[in-house]
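Coordinate analysis (summary)
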Amino acid sequence: WYQRRVRGHSLSPFSEFVQQTMLIWVTFLALLTPAFQTGDALRKYTALNFPGDSESFISFVPDTSPYEDVFSFCGWFKKSGSAGWPILLSYGGNEIRVQDNGGHNCIFGSCIRLANKFTVQGGGWFHYCSTWSSRSREFREYLDGELVASRATVPGRQLQTGLQFTLGNWGEGGLEGLQFQGTMFNVNVHAREFSRSEVEKMAGDRCVLTDEFDEVANRLSWENILEQPRNGTVTEVGTGCLETDVVRSRLEEARSRVEQNEKQLKTVGVEKLGLIISETISESEELLDMATDDVTHQVDLTQSLNRQNRELGRVVAQLERTVRELEEGNTVQDGLREHQRVSDQLIKFAKNLWGWRSRKIL
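Residues numbered from 1 in each chain as written. Predicted model: local features only at pLDDT ≥ 70, side-chain atom pairs only at ≥ 80, totals over all residues. Heavy atoms only, no water.

What follows is about the pairing of strand E3 (residues 70-79). Moving residue by residue along a regular strand, the side chains alternate between the two faces of the sheet. With respect to burial, E3 is a largely interior element, 9 of its 10 residues being buried. In this sheet, strand E8 (residues 125-133) lies alongside E3 in antiparallel orientation, the contact comprising 9 bridges. In the sheet register, valine 70 faces E8, and the bridge partner there is serine 133. Both E3 and strand E12 (residues 181-190) contribute to a ladder of 7 bridges, which runs antiparallel. Residue lysine 79 lies in a different strand from E12, and its bridge partner there is glycine 182. (Buried < 20%, exposed > 50% of the residue type's maximum accessible area, 1.4 Å probe, protein only. Helix = DSSP H or I, 4+ residues; strand = E, 2+ residues; numbered from the N terminus. Pairing = 2+ DSSP bridges.)

Glancing now at the packing of aromatic side chains. For any two aromatic rings, the description comes down to two numbers: the centre-to-centre distance and the angle of the planes. Summed over all chains, the structure comprises 10 aromatic pairs. Ring centres of phenylalanine 50 and phenylalanine 180 lie 5.9 Å apart, and the angle between their planes is 65°; this geometry places the pair in the edge-to-face category. One end of the pair, phenylalanine 50, is in strand E1 (residues 47-51); the other, phenylalanine 180, is in the loop between strand E11 (165-167) and E12, and 130 residues separate them in sequence. Taken as a pair, phenylalanine 50 and phenylalanine 180 share a single burial class, namely buried. Here tryptophan 125 and phenylalanine 185 contribute two aromatic rings whose centre-to-centre distance is 6.5 Å and whose plane-to-plane angle is 70°, an arrangement assigned as edge-to-face. Highlighted residues: tryptophan 125 in strand E8 and phenylalanine 185 in strand E12, separated in sequence by 60 residues. Within the aromatic cluster, the residues linked to one another by ring pairs are Phe71, Phe108, Trp132 and Phe139. (Phe/Tyr/Trp six-rings, centres within 6.5 Å; stacked < 30°, edge-to-face > 60°.)

Glancing now at the sheet that holds strand E4 (residues 87-91). The 6 strands are arranged E2-E11-E4-E5-E6-E7 in an open sheet whose pairing can be described as antiparallel. The strands lining the two open edges of the sheet, one partner per strand, are strand E2 (58-60) and strand E7 (110-112). Pairs of neighbouring strands in the sheet enclose a mean axial angle of 10°, with direction left out of account. Note: E2 against E11, 3 bridges, orientation antiparallel. Following the sheet pairing, serine 59 is matched in E11 by threonine 166. (Axes fitted to C-alpha atoms, helices over the stretch in contact; angles between N-to-C directions.)

Here you go:
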C-alpha cells in the first residue's frame, strides 16, 4: 500500500510524516485488543535463587553475534550472602565480568574496582545495567538507574562471540570464592545501547518486564535463561510481582499512562482517535471486572496496555514535533490545515483497519 501511494510522486516532508505515522498506527492498533495468555505465561515472573555454593550456577554458550557491536546487560539482583569475589555475570572470563560488590568489574579484559560505588545492602533488590557500543566506545555501568562508572574502550574493539556465558560464577563455573549467593530476576542482554533515561525507567519498577516498553528483537531474554540447564541447586522462587495488590496496582498505573497519552492526542488535534483509545480503556475495565480473580488475565492486560502506551507515545511525539516544526516555520495556517488532513487520514485509516469497533464511535 505504501509503495503504491508514493511511487511516481515526490512527497513533502509532511507527507512522509503522514505515511510513517500511519505505519506506526498499524502496529499500535494491532496491539489494542489483548491476547490473553495461558499455561506457562506467568513463568517469566519467576526468579532464580543461588544458594551460595560453588557448584550452583548457570553456564552455557549463547549466540552472541547480535552483540558484537552493541549490547546492554540489565537485571534485578538480591544478595543474601557474600563470598570473596561474588560474580553476577561472567562472559568469556573477563570479556565481561560483573561482581555483586563491584570489586572487579571488567570489559574486554580491562578491569576496575567499583566497591565504593556498589554500596547495596543484602536482603533488598537492586537493579544493575551496563551498556556499550562500538559507536560510543563507552562502557557505562548503572546501579538502581544511576550512572556509577563510565570508561572508554579502544577503537575497533568488538565483543568476542562463542564464549561461555555464566551466571553466579566465573568462567565455566565451579570456582570456590567466586559464587553468588542470592536471587536474580529479569536478566536480559539486548542488542542495543540503552540511554540513561531508559535505564532509569527500567530501574523504576522491578515487575515491569522489558518487552513492555522496548522492542524484543535480538535479545537473550530471561525466558531463555530460565530454560537453560542448571548446575547444583539453583531453584525457582517467587518475586512478589504476582501478588494480588501488586498486579492490580500495576494494571491501574498502566491504564493511567494510556489515558495521559490519550489526553495528549487530543491536544494535537486527533480527538476522534482519542475516543478509540477511550473505548479500549473502557473495554479493558470490563475485561478486568470479568476476570478479577484471574491473575493471568490481569497481568496480560497490564502488559498489553504498557505496549499500547509505548506505541501511542511515539505517535504523540511525532504529531507534537510536526506541529512545532510547522509553527516555527511561520506557516501556522497551512500547518493547521495539513494537520487536520493528517487527522482525517488517520481516522479513515483506523476505520478501514479496525472495522466495527471504530465505526460505532466515529
